[in-house]
Amino acid sequence: MRRSVSVAMFVAVVVLGTAALGKDPVVAAQQKPQTAEVRIDNFSFGPAALTVSVGSTVTWTNRDDIPHTVVSSDDPKAFKSKVLDTDEKFSFTFTKAGTYAYFCSIHPKMTGKVVVQ
Ligand SMILES: [Cu+2]
């Protein structure tokens with residue numbers, strides 16, 4: 001009995017919420033996904049720290065005249081680019097909130113992070 005009441009409540013909330021907003025209330029509550037760019041130049045990631053909303057795609061472009069990579073510091077790795085030559089790009093879509101530190105595996109002192117919220 002208790003369960004059927006809470007199911008009915010849930011359905012009522014979803015239906016009312018959908019009617020009020022005219023769209024999915026869960027999606028409406030979140031920020032829209034974005035696209036963001038990180039430039040790799042002069043042995044650094046710019047911006048070194050980037051904040052995006054969940055679902056956003058970040059594209060790194062190597063503007064340096066030497067090869068670089070973009071590799072997640074996490075284990076297991078959330079993402080890992082191939083070696084990027086000049087003007088090559090790597091994109092990754094962040095589907096979960098969190099802080100994603102990364103580095104260049106050729107020059108490990110090159111670091112950056114993406115905060116997904
Ligand atoms: Cu590098």
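First things first, this report covers the structure right here in the doc.

### Notes on the sheet that holds strand β8 (residues 111-116)
- One open sheet accounts for 4 strands, arranged β3-β8-β7-β5; its pairing is mixed. The open sheet has two edge strands with one neighbour each: β3 (49-52) and β5 (71-72).
- As judged from the 2 bridges shared by β5 and strand β7 (residues 98-103), these two strands associate in the antiparallel manner. Paired with Val71 across the strands is Phe103, a residue of β7.

### Structural notes on the environment of Phe103
- Within the element layout of this structure, Phe103 appears in strand β7.
- Counting along the chain gives 59 residues from Phe103 to Ser44, while the straight-line C-alpha distance between them is 9.6 Å.
- The contacts of Phe103, once residues within four sequence positions are left out, are Phe45, Thr69, Val70, Val71, Ser72, Ser73, Lys77, Pro108, Met110 and Thr111.

The rules behind each value
Residues numbered from 1 in each chain as written. Predicted model: local features only at pLDDT ≥ 70, side-chain atom pairs only at ≥ 80, totals over all residues. Heavy atoms only, no water. Pairing = 2+ DSSP bridges. Helix = DSSP H or I, 4+ residues; strand = E, 2+ residues; numbered from the N terminus. Contact = heavy atoms within 4.5 Å.

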